[in-house]
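# What the coordinates show
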2 protein chains.
Amino acid sequence: MERADESEGKDAVTDPAREACPINPVVELIFSRWTTPILWALEHHGRSRFNELQRLLPTITPKVLTQRLRQLERDGLIIRTYHAEIPPRVEYTISDLGRTLVPVFDVIADWSDAHLPQVATARQAYDTARAEEAAWAEG
Amino acid sequence: MERADESEGKDAVTDPAREACPINPVVELIFSRWTTPILWALEHHGRSRFNELQRLLPTITPKVLTQRLRQLERDGLIIRTYHAEIPPRVEYTISDLGRTLVPVFDVIADWSDAHLPQVATARQAYDTARAEEAAWAEG
DNA sequence: CTGGATCCTATAAGATACTG
DNA sequence: CAGTATCTTATAGGATCCAG
């Protein structure tokens, strides 16, 4: 059993870092690594088994997938159903609470469509400007 | 100059992890640690200097604040203005592009008001259920 | 004042092997 | 099948000192 390691810790819900930003707790809750891909997969692919999720998320490792699924289950965003068969079968679904996030994701997707290209442009401008500065400083 | 360390790297915009989740690039872009508190502070407090931001975000270190400001500047979400005075003065503002995120943040804030308590409840239920299991297993 | 440079630690994540 | 255990590595972040 790992305990000091892999803490999962500190209940983002009550984290004092919110002092400067009221949405910070939700951000840490919902947008921590892998949570959106998992919820998205469960929403669009429907009820899924552990190995199905691993296929849907090709770059995640079993260990991390387990961690994230446990966290999402604890937060009430997904539902885990264990079938005591041989071989055992476990199914995951998004919960009603988890589904309330879908409109939020849609808003983000809309922002992405509308503005992500501008971010890419800004990055190129920034990088070329810095490159020119460097070249000029060099002589 | 740190190079292998502190990479900042890999352009989330073009990250292949999006395969399972189209909003993943934006999530990594906008909701990485400290970016929402910084943007929120600049939006609500207005044009701010480095030290003001440090006061508004009491737990951030200068090093990390610098990193995040650079990243946000590169992504075009904030604007950095350097005044070559003595002592030097630097001001940060949210850009027009950055301001397009405000409605997104509002949607998240609404979700938080409506559903965050349910997350807290789910956590308590999960934890007590696990505690009971453990007690029962112990005898 | 606004950070950069350097060193160090904590935490997240990967690889691999194994089990009920 | 659905994970767990263990070890190792990578990365983010903190502490401190220093500089234009």
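Residues numbered from 1 in each chain as written. Chains lettered and ligands numbered in written order. Predicted model: local features only at pLDDT ≥ 70, side-chain atom pairs only at ≥ 80, totals over all residues. Heavy atoms only, no water.

## With respect to the interface of chain A and chain B
Convention followed: Residues are treated as being in contact if the distance between any of their heavy atoms lies within 4.5 Å. By buried area we mean how much accessible surface two parts lose on assembly, using a 1.4 Å probe and totalling the loss over both. By convention in these notes, a salt bridge is any Lys or Arg side-chain nitrogen within 4 Å of a carboxyl oxygen on Asp or Glu. Within 3.5 Å is the distance limit for a polar contact, defined as a pair of N or O atoms, with the added protein rule that one can donate a hydrogen and the other accept it, and that residues adjacent in sequence qualify only through two side-chain atoms.
The partner chain B presents 45 residues to the 45 residues of chain A that form the contact. Interface area, chain A with chain B, both sides summed: about 4,500 Å², of which 73% is carbon and sulfur. Contact with chain B buries area across many residues of chain A, yet A:Arg74, A:Trp111 and A:Arg123 alone supply 17% of it, more than any other trio. Applying the counting criterion to the chain A and chain B interface returns 4 salt bridges. Inspection of the region where chain A meets chain B yields 8 residue pairs in polar contact (both at pLDDT 80 or more).

## Concerning the sheet that holds strand β3 (residues 89-94) of chain B
Residue and element names in this part refer to chain B. This is how the line gets drawn: Any two strands with at least two DSSP-identified bridges between them are counted as paired. Working definition: helices are DSSP H or I runs of at least four residues, strands are E runs of at least two. Numbering for both runs from the N terminus. Axes here refer to lines fitted to C-alpha atoms; in helices the fit is confined to the stretch in contact. Angles between the N-to-C directions go from 0 to 180 degrees.
Spatially, 3 strands are ordered β1-β3-β2 in an open sheet, and the strand pairing comes out antiparallel. Two strands close off the open sheet at either side, each with one partner strand: β1 (48-49) and β2 (78-83). Judged from the 2 bridges that link them, β1 and β3 form a sheet pairing that is antiparallel. Within the sheet, the bridge partner assigned to Ser48 lies in β3 and is Tyr92. Most of the contacts of helix α2 (residues 35-45) go to β3, to which it runs at about 95°, and overall it touches β1, β2 and β3. Strand contacts of helix α4 (residues 62-74): β2 and β3, with the helix running at about 110° to β2, the strand carrying the most contacts.

## A word on the pairing of β3(B)
All names here are of chain B. The condition is simple: Each residue is placed in one exposure class: buried if its accessible area under a 1.4 Å probe, protein chains only, is under 20% of its type's maximum, exposed if it is over 50%, and partly exposed if it falls in between.
Across the 6 residues of β3, 5 count as buried, placing the element largely inside the fold. Here β2 pairs with β3 via 6 bridges, running antiparallel. When the bridges of β3 are listed, Thr81 appears paired with Glu91. Between β2 and β3, which pair antiparallel one after the other, the connecting turn spans 5 residues.

## Topic: the packing of helix α2 (residues 35-45) of chain A against helix α4 (residues 62-74) of chain A
In a packed pair of helices, the relevant descriptors are the angle between the two axes and the axis-to-axis distance. Residues and elements named next belong to chain A. Keep this limit in mind: The cut-offs work like this: below 35 degrees is roughly parallel, past 145 is roughly antiparallel, 65 to 115 is roughly perpendicular, and the gaps in between are oblique. Just so you know the grouping, Ala, Val, Leu, Ile, Met, Phe, Trp, Tyr, Cys and Pro go in nonpolar, Asp, Glu, Lys and Arg go in charged, and all remaining residues, Gly too, go in polar.
Where α2 contacts α4, the axes come no closer than 10 Å and their chain directions differ by 75°. Between α2 and α4, the angle is such that the two are roughly perpendicular. Contacts between α2 and α4 involve Thr35, Ile38 and Leu39 from the first element and Leu65, Arg68, Leu69, Gln71 and Leu72 from the second. Tallied by class, the residues present in the contact of α2 with α4 amount to 5 nonpolar, 2 polar and 1 charged.

## Quick look at the pattern of salt bridges
All names here are of chain A. Overall, the coordinates contain 12 salt bridges over all chains when judged by the stated rule. Residue Arg47 is joined to Glu91 by a salt bridge in which the shortest nitrogen-to-oxygen separation is 3.2 Å. Remark: Glu91 occurs in strand β3 (residues 89-94) and Arg47 occurs in the loop between α2 and β1 (48-49); sequence separation between them is 44 residues. Classification of Arg47 as partly exposed rests on a relative accessible area of 48%. The exposure class of Glu91 is buried, given its relative accessible area of 14%.

## Regarding the nonpolar core
The cut-off we apply is this: In this description, a nonpolar core means a group of buried Ala, Val, Leu, Ile, Met, Phe, Trp, Tyr and Cys residues linked to one another through side-chain atoms lying within 4.5 Å.
Ranked by internal contacts, the top residues of the largest apolar core, which has 66 residues, are A:Ile30, A:Phe31, A:Trp111, B:Ile30, B:Phe31 and B:Trp111. Beyond its immediate sequence surroundings of up to four residues, B:Trp111 is in contact with A:Val26, A:Leu29, A:Ile30, A:Leu97, A:Thr100, A:Leu101, A:Val104, B:Leu116 and B:Val119.

## Description of the confidence of the model for chain A
Residues and elements named next belong to chain A. Applied cut-off: Per-residue confidence from the predictor is given as pLDDT, running between 0 and 100.
Per-chain confidence: chain A averages 85 in pLDDT, with 83% of residues scoring 70 or above. Here helix α1 (residues 24-30) stands out as the element of chain A with the lowest mean pLDDT, 90, in contrast to helix α5 (residues 96-99), whose mean of 98 is the highest. Across residues 1-18, where pLDDT falls below 50, the model places 19 contacts with residues more than four positions away in sequence or in other chains.

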